[in-house]
Structures are given as structure tokens and as C-alpha cells.
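Secondary and tertiary structure notes
Here is what each chain is made of, one letter per residue.
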Amino acid sequence: MTASFARRGLLGAAAALAGSAALGGPLAPGAAAAGPPPAGRGPTSAPLSLTTPAGFQPEGIAVSPSGTAYTGSIIEGSIYRADLATGTGRIITAGTGARSVGLKLDPFGRLLVAGGDSGEIRVVHAGTGKVLAVHQAATGSTFVNDVVVACGGAWFTDSFNDALYHLPLAPGARPTRLALGGEWAPVPPGGEYWGSNGIERTPDGKALLVVHDTAEALYRVDPRTGRATRTMLEGAGSVSNGDGLVVRGRTLYVVRNWSYAVDVFALSGDGRRAVFLKRITDPRFDEPTTAAVHGGRLYVVNAAFDADWSDPAMTSTIVAVPL
């Protein structure tokens, strides 16, 4: 999610779900710019673009190993599931008014959903779409923005507060707050400036990577202490307008929403150094927010912040680009 989205006055109050519930038990595991890909279908015969339902403004994405994609609406919180092989999909969770921003799958077939300005963390059955648990991670000025499953559980960013929320994956677990310190650039209170946005893990799996919107910086965060150390960026790459992060092996993809680009870096194992490799651009990018890797492609979500979302017929897309 982007700070410019807030500046355009679109962050109105969201209806919060009442109360909170315990985490449900485990389920059965269910530098060159890239030009536009060829029209039609790619070499795997999977569609190169998926259209989300009318009135559904997507932001986050999670993709299962079998190629099932999930995205949430930042308008009213519904969740859409699609088959990347065919492009077909349907709404599996009806929206309640509380946003669905970043989301990820855990090893037990559950979606972990960041609830934006509701301050919620939601746990959703990826098969049925049933909401299994709702946790009130924060109140007041808050924007629970993105999530990664790593380092002993799920970790959520809060763009208006200098903290992460940790939700263990064990049954009955509830989120705890970890204050960010060290070299972390504090965010002034009030929600005018945005701090943490996208989050990932370091290649060695020992720490977290968090992009800071206002500081235009990438930080390595110790999940035990919250101590943040600025990652050294080398080359012509940038994390300005940095939104979603994707790490695969030692490759980092930084989705840069208002820059209409994805910058690609080679990471050191501990995440303390990143060397710019290339910039991916595509004429189909429309305020891209985050991405996921599957089948040799990067699936990029277009939030289309500048579109007229008061029109109930408005749609957006998830587009595939080659890695």
C-alpha cells in the first residue's frame, strides 16, 4: 500500500469486525527494462493477465505451489481466488468493510491477512474462505499493511507505527508487538507519513527485510530485538515508492508503485547488502503494489489507485512478466 493513496483522501474509516478470536487449528496442507510479453498466452499456456471482479480493488497477493492465487480488496475486504493456469476465479470471502491489504499463505492452508486501518489481523481458510480468527493488533492511528511467514510465525508491518506484529502459527496464539529500533527512521505520529510497508525474510532465514516508505530505505530487522540495520544498496537501483517485496533465493524484487517498476537486486545471505541487477517495466503496470513468483513469472498486482473506484463496474488486473 502506498502513502500517496492516503494523500488522495481515500483512507476513510473502515468498519471493524467486533472482538477477536483465537487462531484456528492447523488445516490439511492444501539492466534492461522488460518489454511487454507477446499477446495472448505465454509458453506455459497460462494467461498473461487476470482481471479481478468488478468493484474489487486488489493490493496483496499470495500464490500456492500449485498455482492458486489469492488477492484481497482494499475497498471492502473481500478475498478473490484464481487459477493462474486458466485465469478463472471467484470471491471466496465476502467483504465486511474492513480492508484486506497484504496477505500470505501459511503451511497449514490458511491465509493471513493484514487489515489496514481496521488494525486487524485475520486468519482465513484458503479452501472455503471462512474467517477462522480476527485479532485486533492495533487501535487508533494504524495501518496494518503487509505480512510474511518467516522467523517463527507471521510478521505484519504497521505503516503508521514503528512496530511489527508477530503472530505465531500455533493454535490459540495471539499477536504481540515488537518495537522497531536501532537505525530505524521513526515515523511522526498522526498517519501523514508512512513508515514500514512491504516485508520479507533474508535469504538465510534469520532476519526480516522491511521497506520504509518515507525514508526510501530498506532495513534488516532482528526478529528477536526489533533492531533495524539499513541495508546497503549498490548500483542504480532504488527502493523509493517501495511497496511489496519478494525474495526468491538471493534475488530481491522491490515493487515500486508510483514508479511503475520493479527493481531487482542480488542480496547477501544476511540481507545487509543488495546489488542492483535490473529494472522491470511494463506498459501494463498501473500503480503496482506487490507481486509473487510462480512458474518462471512474476505476477504483479495493479492497485490502479488513480482509477474511479466509485464506479461499481471498475476492474483491475494481475499481470505476468517473465523473470
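Quantities reported herein were computed from a predicted structural model and do not represent experimental measurements.

**Overview of the overall build of the protein chain**
Secondary structure summary: the protein chain contains 1 helix and 26 strands in total. Among the 323 residues that make up the protein chain, the fraction classed as buried is 54%. About 12000 Å² of surface is accessible on the protein chain, with carbon and sulfur atoms providing 54% of the total.

**Examining the sheet that holds strand β17 (residues 217-221)**
Reading across from one edge, β14-β18-β17-β16-β15 is the order of the 5 strands in this open sheet, with mixed pairing throughout. Each of the sheet's edge strands pairs with one partner strand only, and the pair in question is β14 (181-182) and β15 (196-201). Bridge count for β15 against strand β16 (residues 208-212) is 4 bridges, and the pairing is antiparallel. Within β16, the residue paired with glutamate 200 across the bridge is leucine 209.

**Here we look at the packing of aromatic side chains**
This model, assessed by the stated rule, comprises 7 aromatic pairs. Considering the side-chain rings of phenylalanine 143 and phenylalanine 160, the 6.1 Å spacing of their centres and the 55 degrees angle between planes classify their relative orientation as tilted. Of this pair, phenylalanine 143 sits in the loop between β9 (131-136) and β10 (144-150) while phenylalanine 160 sits in the loop between β11 (153-158) and β12 (163-167), placing them 17 residues apart in sequence. Assigned by exposure class, phenylalanine 143 and phenylalanine 160 land together as buried. When the centroid spacing of 5.8 Å and the interplanar angle of 65 degrees are considered together, the rings of phenylalanine 265 and phenylalanine 276 count as edge-to-face. Of this pair, phenylalanine 265 sits in strand β22 (residues 261-267) while phenylalanine 276 is found in strand β23 (residues 273-280), placing the two residues 11 residues apart along the sequence. Overall, phenylalanine 265 belongs to the buried group, its relative accessible area being 1%. Members of the aromatic cluster, joined through ring pairs, are Phe143, Phe160 and Trp194.

**Looking at the sheet that holds β22**
Spatially, the 5 strands line up as an open sheet ordered β19-β23-β22-β21-β20, and their pairing is mixed. Looking at strand neighbours, the two that pair on one side only are β19 (232-234) and β20 (242-248), the edges of this open sheet. Averaged over all pairs of adjacent strands, the angle between strand axes in this sheet comes to 30 degrees, irrespective of strand direction. Relative to strand β21 (residues 251-256), β20 runs antiparallel, the two being bridged by 5 bridges. Counterpart to glycine 242 in the pairing with β21 is arginine 256.

**With respect to the confidence of the model for the protein chain**
One rule of thumb: low pLDDT means the predicted coordinates there are not for detailed reading. Per-residue confidence for the protein chain gives a mean pLDDT of 89; residues scoring 70 or more make up 86%. Across residues 6-43 the pLDDT falls below 50, and counting only partners more than four positions away or on other chains, this stretch makes 96 contacts in the model.

Here is what the cut-offs are and how they apply
Residues numbered from 1 in each chain as written. Predicted model: local features only at pLDDT ≥ 70, side-chain atom pairs only at ≥ 80, totals over all residues. Heavy atoms only, no water. Helix = DSSP H or I, 4+ residues; strand = E, 2+ residues; numbered from the N terminus. Buried < 20%, exposed > 50% of the residue type's maximum accessible area, 1.4 Å probe, protein only. Areas by Shrake-Rupley, 256 points an atom, 1.4 Å probe, with all protein chains shown as cover. Pairing = 2+ DSSP bridges. Phe/Tyr/Trp six-rings, centres within 6.5 Å; stacked < 30°, edge-to-face > 60°. Axes fitted to C-alpha atoms, helices over the stretch in contact; angles between N-to-C directions. pLDDT = per-residue confidence, 0-100. Contact = heavy atoms within 4.5 Å.

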